4 protein chains.
Amino acid sequence: MIIQLEKNISEEQKSNIVNKINEAGYKSNFVSTQYCDYIIGVGNKDFDIRAIGVLPGVKDIHIVLEASKLVSKKWKTQDTVIDLGDDVKIGGGNFQIMAGPCSIESEKQIEITVAHLLKNNIKIMRGGVYKPRSSPYAFRGLGLKGLKIFYKYCKAAGIKIITEVMMPEQIDGMYEYVDIFQVGARNSQNFNLLDALGKQDKPVMLKRGISGTLDELLASAEYIFSNGNEDILLCERGIRTYEKSYRNTFDINSIPVLKDKSHLPVIIDSSHGVGIRKFVEPVALAGVIAGGDAVITEVHETPQKAFSDGAQTLSHDEAEIYYKNVRKTFEFRKTLYRY
Amino acid sequence: MIIQLEKNISEEQKSNIVNKINEAGYKSNFVSTQYCDYIIGVGNKDFDIRAIGVLPGVKDIHIVLEASKLVSKKWKTQDTVIDLGDDVKIGGGNFQIMAGPCSIESEKQIEITVAHLLKNNIKIMRGGVYKPRSSPYAFRGLGLKGLKIFYKYCKAAGIKIITEVMMPEQIDGMYEYVDIFQVGARNSQNFNLLDALGKQDKPVMLKRGISGTLDELLASAEYIFSNGNEDILLCERGIRTYEKSYRNTFDINSIPVLKDKSHLPVIIDSSHGVGIRKFVEPVALAGVIAGGDAVITEVHETPQKAFSDGAQTLSHDEAEIYYKNVRKTFEFRKTLYRY
Amino acid sequence: MIIQLEKNISEEQKSNIVNKINEAGYKSNFVSTQYCDYIIGVGNKDFDIRAIGVLPGVKDIHIVLEASKLVSKKWKTQDTVIDLGDDVKIGGGNFQIMAGPCSIESEKQIEITVAHLLKNNIKIMRGGVYKPRSSPYAFRGLGLKGLKIFYKYCKAAGIKIITEVMMPEQIDGMYEYVDIFQVGARNSQNFNLLDALGKQDKPVMLKRGISGTLDELLASAEYIFSNGNEDILLCERGIRTYEKSYRNTFDINSIPVLKDKSHLPVIIDSSHGVGIRKFVEPVALAGVIAGGDAVITEVHETPQKAFSDGAQTLSHDEAEIYYKNVRKTFEFRKTLYRY
Amino acid sequence: MIIQLEKNISEEQKSNIVNKINEAGYKSNFVSTQYCDYIIGVGNKDFDIRAIGVLPGVKDIHIVLEASKLVSKKWKTQDTVIDLGDDVKIGGGNFQIMAGPCSIESEKQIEITVAHLLKNNIKIMRGGVYKPRSSPYAFRGLGLKGLKIFYKYCKAAGIKIITEVMMPEQIDGMYEYVDIFQVGARNSQNFNLLDALGKQDKPVMLKRGISGTLDELLASAEYIFSNGNEDILLCERGIRTYEKSYRNTFDINSIPVLKDKSHLPVIIDSSHGVGIRKFVEPVALAGVIAGGDAVITEVHETPQKAFSDGAQTLSHDEAEIYYKNVRKTFEFRKTLYRY
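Residues numbered from 1 in each chain as written. Chains lettered and ligands numbered in written order. Predicted model: local features only at pLDDT ≥ 70, side-chain atom pairs only at ≥ 80, totals over all residues.

Observations concerning the overall build of chain A
For chain A, the helix and strand inventory stands at 11 helices and 15 strands. Against the globule reference of 20 Å for 339 residues, chain A gives a C-alpha radius of gyration of 21 Å, in line with a compact fold. Across its three principal axes, chain A shows a C-alpha extent of roughly 65 × 45 × 40 Å. In chain A, which comprises 339 residues, the proportion classed as buried is 56%. In chain A, once contacts between residues fewer than 6 apart in sequence are set aside, the share between residues at least 24 apart is 66%. (Helix = DSSP H or I, 4+ residues; strand = E, 2+ residues; numbered from the N terminus. Rg over C-alpha atoms; globule rule 2.2 N^0.38 Å. Buried ≥ 20, exposed ≤ 12 C-beta atoms within 10 Å, placed from the backbone. Contact = placed C-beta atoms within 7 Å.)

Some thoughts on the domain arrangement of chain A
All names here are of chain A. As far as domains go, chain A holds domain 1 (2-62) and domain 2 (82-333). Using only C-alpha atoms to locate each centre, domain 1 and domain 2 end up separated by 35 Å. On the domain 2 side, the residues contacting the 7 residues of domain 1 number 6 residues. Ranked by residue count, the leading element in the side of domain 1 that touches domain 2 is strand E2 (residues 27-32), at 3 residues. (Domains from an automatic or database assignment.)

Comments concerning the sheet that holds strand E3 (residues 37-42) of chain C
All names here are of chain C. A sheet is described by the order of its strands in space; here 4 strands give the open sequence E2-E3-E1-E4, paired in antiparallel fashion. Two strands close off the open sheet at either side, each with one partner strand: strand E2 (27-32) and strand E4 (58-62). Ignoring strand direction, the axes of neighbouring strands in this sheet form an average angle of 20°. Bridge count for strand E1 (residues 2-5) against E3 is 3 bridges, and the pairing is antiparallel. Among the inter-strand pairings, Ile2 is bridged to a residue of E3, identified as Ile40. (Pairing = 2+ DSSP bridges. Axes fitted to C-alpha atoms, helices over the stretch in contact; angles between N-to-C directions.)

Structural notes on the interface of chain A and chain B
Contact with chain A, which involves 35 residues of that partner, is made by 35 residues of chain B. When contributions to the side of chain A that touches chain B are tallied by element, the ones reaching two or more residues are helix H8 (254-261), helix H10 (277-289) and helix H11 (316-333) of chain A. In terms of residues, the side of chain A that touches chain B owes the most to one element, H11 of chain A, which gives 7 residues. Its residues assigned to classes, the side of chain A that touches chain B shows 21 nonpolar, 9 polar and 5 charged. (Nonpolar A, V, L, I, M, F, W, Y, C, P; charged D, E, K, R; others polar.)

As for the relation of the copies chain A and chain B
Each copy of the chain is related to the other by a rotation around an axis and a translation along that axis. Between chain A and chain B, which share one sequence, the superposing operator has a rotation angle of 180° and an axial displacement of 0.0 Å; the RMSD is 0.0 Å. What the rotation and shift describe, once combined, is the action of a two-fold rotation axis. If distances are taken from each C-alpha of chain A to the rotation axis, the shortest is found for Ala286 of chain A, at 2.0 Å. Taken together, the interface assignments show that 100% of the residues at the interface of chain A recur at the interface of chain B, consistent with an identical surface on both copies. (Least-squares fit on C-alpha atoms with pLDDT ≥ 70 in both.)

Considerations on the packing of helix H10 (residues 280-289) of chain C against helix H10 (residues 280-289) of chain D
Axis separation between H10 of chain C and H10 of chain D bottoms out at 8 Å; the angle between their running directions is 150°. As far as their axial angle goes, H10 of chain D and H10 of chain C are roughly antiparallel. At the point where H10 of chain C passes H10 of chain D, the crossing takes the right-handed sense. Contact residues: H10 of chain C offers Leu285, Ala286 and Ile289 of chain C, while H10 of chain D offers Leu285, Ala286 and Ile289 of chain D. (Parallel < 35°, antiparallel > 145°, perpendicular 65-115°, else oblique. Left-handed = near helix turned anticlockwise from the far one by under 90°.)

Thoughts on helix H7 (residues 214-226) of chain A
Residue and element names in this part refer to chain A. In this model, H7 (13 residues) spans 18 Å end to end at C-alpha, consistent with the 18 Å of a helix rising 1.5 Å per residue. Of all 13 residues in H7, 11 are buried; the element is thus mostly enclosed. For H7, the full list of buried residues reads Leu214, Leu217, Leu218, Ala219, Ser220, Ala221, Glu222, Tyr223, Ile224, Phe225 and Ser226. Where H7 is buried, its residues meet E2, strand E3 (37-42), helix H6 (191-198), strand E11 (204-207), strand E12 (232-236) and H8. Residue Gly228 follows H7 closely and has a positive phi angle near 125°. (Expected span 1.5 Å × (residues − 1).)

As for the environment of Asp309 of chain C
Residue and element names in this part refer to chain C. Positionally, Asp309 belongs in the loop between strand E14 (294-300) and strand E15 (314-315). Residues Asp309 and Arg277, spaced 32 residues apart in sequence, show a C-alpha to C-alpha distance of 9.9 Å. When neighbours within four sequence positions are excluded, Asp309 is seen to be in contact with Cys102 and Glu298.

A closer look at the sheet that holds strand E4 (residues 58-62) of chain B
Residue and element names in this part refer to chain B. If you walk across this open sheet you meet the 4 strands as E2-E3-E1-E4, and the pairing is antiparallel. Of all strands in the sheet, those bounded by a partner on one side alone are strand E2 (27-32) and E4. Ignoring which end each strand starts from, the neighbouring axes of this sheet average 20° apart. Judged from the 4 bridges that link them, strand E1 (residues 2-5) and E4 form a sheet pairing that is antiparallel. Within E4, the position partnered with Ile2 by the bridge is His62.

A few points about the packing of H6 of chain A against H7 of chain A
Residues and elements named next belong to chain A. Contact pair H6 / H7: the axes reach a minimum separation of 7 Å and the direction vectors enclose 40°. Here H6 lies oblique to H7, going by the angle between them. H6 and H7 meet at a crossing whose hand is right-handed. In this structure, H6 contributes Phe191, Leu194, Asp195, Leu197 and Gly198 to the contact, and H7 contributes Ser220, Tyr223, Ile224, Phe225 and Ser226. When its residues are assigned to classes, the contact of H6 with H7 shows 6 nonpolar, 3 polar and 1 charged.

Examining the pairing of E11 of chain A
All names here are of chain A. Going residue by residue along E11, you find Val204 and Leu206 tucked away on one face and Met205 and Lys207 tucked away on the opposite face as well. Two strands pair when backbone bridges link them, and strand E10 (residues 180-183) and E11 are joined in this way by 3 bridges, in the parallel orientation. By the bridge assignment for E11, Val183 is matched with Leu206. Between the parallel pair E10 and E11, the chain is carried across by H6, and the sense of this crossover is right-handed. Bridging between E11 and E12 involves 4 bridges; their strand directions are parallel. Paired with Val204 across the two strands is Ile232, which belongs to E12. As for the winding sense of the linkage, the β-α-β connection from E11 through H7 to E12 is right-handed. (Right-handed = clockwise from strand over helix to strand, strands pointing away.)

A closer look at the environment of Ala290 of chain D
Structurally, Ala290 of chain D can be placed in the loop between H10 and strand E14 (294-300). On a C-alpha basis, the gap between Ala290 of chain D and Arg333 of chain D in space is 8.4 Å, while along the polypeptide they are 43 residues apart. With residues near it in sequence (within four places) discarded, Ala290 of chain D still touches Pro282, Val283, Leu285 and Ala286 of chain C together with Ile252, Ile255 and Pro256 of chain D.

Looking at the confidence of the model for chain A
Summarising the model, chain A shows a mean pLDDT of 95, and 100% of its residues fall at 70 or more. Per the prediction output, this complex has pTM 0.95; the corresponding ipTM is 0.96. (pLDDT = per-residue confidence, 0-100.)

What to know about unusual backbone geometry
In this structure, Asp87 of chain C is a non-glycine residue whose phi angle is positive, near 65°. Topologically, Asp87 of chain C is positioned in the loop between strand E5 (82-83) and strand E6 (89-90). We note that Asn121 of chain D has phi near 60°; this positive angle belongs to a residue other than glycine. Note on placement: Asn121 of chain D falls in the loop between helix H3 (107-119) and strand E8 (124-126). With 9 C-beta atoms packed within 10 Å, Asn121 of chain D lands in the exposed category.

Quick look at the environment of Lys45 of chain B
Residue and element names in this part refer to chain B. Here Lys45 is to be found in the loop between strand E3 (37-42) and helix H2 (50-53). Spatially, the C-alpha atoms of Lys45 and Tyr26 are 7.6 Å apart, while their sequence positions differ by 19 residues. In this view, Lys45 contacts Ala24, Gly25 and Tyr26; residues no more than four positions away in its chain are not counted.

As structure tokens, this is what we get:
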């Protein structure tokens, strides 16, 4: 059960609501986000919600039987729109392309990439400064120092930044320079990190776990929301299966199913989803036509020299055609017949 | 190594070729299909193929290192076109919709479905008369008797028939009434069935195994081809993964990857690929934009009463919009920019 | 619902029972095996079985809600014992080792293997004469001719034969020379083959599908039983997962779970279950201690020269120690404390 | 390449070694643990290691081609023994049982559990105070306060503590009260946590990821070792597969394979590995006979009232028989014949 509270609700009114739902055999969780205050009732007793609906201080009340409540479309039927400012929005009919290298490698690279993005009218740059790597002996990113240079160029160009955060201690240092915090697949159930990001007022893009279920992805998003942050993006990046012809198996089913279950935007990462350069485009277009709200794609000035993920990275030339096809497909999607 | 032979090659010339490749340390397999004769050399020694290329009776020779040779795009770079007659073709830029019930249930049903297909200009009807069912107590299809009625209506309407064959003994009885033999996912590695279908001169649609790899699918197609039948269609119908939000996980990656590896047409079965009615369309459109050559889709006049697979079956009303969107997406695909 | 019938039941009494259960809203299936006649009621209405239990001709009646009824332990709580004659039994406390090459390769090989088995007191020899192979260009077995030689040596030595059957047409030819028909993993849901084997009076060992569920394995066994053959063995041979350190992932959980769900014997194939020679023994011992009724293991006089599966095959020297440890572990299992 | 250094090596000697391996085209990583100093050379050039072996300050040198070097058995052929003090050891022939509730729930519970463990001569108690839970609304553990009470009782009874740590910030607070830090399956690739635990001088038990490969598990262990902590235990706890008859699929293959690849002890968690109470014992015994060095098992005074994981938890009565069988199987393992 989700109870949306009036802005000016008094403490006494709150206690009264909590008492009523406790009496009904529900546990209550108080949630305060950048947009609204909520009381979440967790339980499964049969219950007439009208008795709560009429209480002073209650704006609206909804029954949500799903385990993940706040991220469900059952109570919030309108799509969430992530607004990054300067008219850069994702979700609710707003489509974006995010592109850039796997890892931020040098100032020179940032400069070249920003120029490439500007030329193609791309508003969001991706690039890792903290890199989760299987081997402790691999390149682990330029860190905060790299992020500051990243920011300098993007700020000047009016481009937004999405980059991965790996641990709560990094958040404060990164905060000023980041527009979207990315949670990687390996941290998809790092609950302390989710808690901490839930206390931020900047958007969080949450990747599906390496073999995460959709229900787990939504439960992880619920962590962020219930800690106070409503601005969440869900990212499909392929799952681990027995098939070894590609790095991961992009789960196209997840796109329309997540859009159906949740009001949150769904992002397509076909770079990781297939992991082979020449298939990045067809898989991305598939994700767009199936309902995705944005793509996030690895591009590099010289993919064969990339510090990481070169095999799945588009060159700038390839990317220019790719961007056009992605946008064209998004426009085409609007022309499909509806039931 | 694939050696294409001249039509009028003599037995002596053949022996000469075989001797030469055996001397080079290769095993030879003779393959004769409805279109051409071949000698397949299996081995991995280093070898100058020009010594064979100049022999009398040799039309062309190609090195193909892949385990599955005849189905590979490495030697036959042009797409295979399956021609069902009456200008109904699949592959090489020819797109088709195949639709119909999971199981053929009654004469009345066939009549209604044929009318629906005619109205929507669909040229191929699907419908099972031999049904593989997990439980021995479930409905197992109307058999050959059902197929004959199926044929009577389709013949009259100019509609082609695709239907599943489960064992070699059924082939002769079915032959006259079938335009495409379908091999189901559970029989994807039933090698005796593949051998027998390789000896037919009608097309075979081969479904990927329940957890079959792409290499296994191509190897199964190689069985059919090497037994003498070049007219093969590959069908992606979703794979078994840990995710339980849907019946199967449609492997969108497989579409462009199969098109890249093989010259055979690739068919999209999103009915089984996701298994939930309202997601059949977005997943199918994804498959079309990613390069598929046809869709095969379960439709039923009253899905909730279907003998099998009702939950993933479109009603005729839903299907009418679906067909339009599928065709529109295929047309749109041609307008994409190419590198 | 399973109704066991008296041996001397009259046709009238049968009709009477069928009528009663049809009236109660159940479909009836008549099953006649080498040991007993049954009526299987399929339905899910609430029902007082005593009304049937008292009818003339009824020996016993059991409610079995599981989809797979005849193979369930819910009605037949005693373990099935497979009796191959000459005091060679499997199940119900009788343990056997089955060993031999993957493929029967030559008369000489059979001779050597039989001597090796006799020396080690092994009573059942495995060896394929019909080989399912992914590639059509690979060795496909010596066929019936090979089986006859196989039989000649085993007969003389008093050793039983288990070998794979791939299609219904092979059954008649093989029947005389086979003690256990093996159904391979790729044919685990080849329902026509299961039907045909259900009409035999010789035991059938059914391998779990490459990514088959336990419920599917039991449903396939139900096919055989409901066609008239009660003598079925279930075989765990590893499943396909994402892990690539070994050929398959032996599913140890399946051993106690199958023993708990079904009265049928459970066989351990750790050769395929792990696919690497040096791990065949620890995985087999794990299967034995977890409750398996037999092991089936690939051994070869010179594994590095085996036509197939050499990497997972034990040499005869290795096998001698292996057999001792397998038997020792089976004896040890009897000494464990029980709740 | 792993170079073990002499205790009294000078800085100059170190630089000299580093220079030599850099010249040879290898990157060098300096590792200092509680037991030894190492230089790890990462590269793949052909190289005569004797040129390094003779340098002053070098104790020993080994070529290790595996990606995970320090945890490999290729250079350290003797099993690592984890010594918890008071003669409680794991690995190298020392076997332990770890048991206790999933979550520490109350002081009373600790008291009862400790008495149960003392009675059964169990030396290590498990119990979570920080609980990773899919839903933000579920019980998340008693935290540090709970750990202190846990410690009070165990200290008095001479019992060691293993408990999960979820984030680097928790380490300092927990340090005094913990004998083994546990890393959960969801944090198996939380590299910052691994880095931080690598800087501790207490043992770390690392669980395999929910669908982690063995190579990933070893790479995560390499993180801990290369940060300075050699005392690592690897834990198999079942993997995620398509099979839904149990919570996870215990990967029995991993036990002998990990023992073969690495010198680290391997721990068996059959509670999570199968997730159903009555199968916890047979799966654990399978793990023991296949080579495991310890079991970790969930037990509870009243499993049906457990805050979490009740369905896979043994009662104290069940556990008493279980412990005996586990120990008996370990003793039996020593009597097996060896090649």
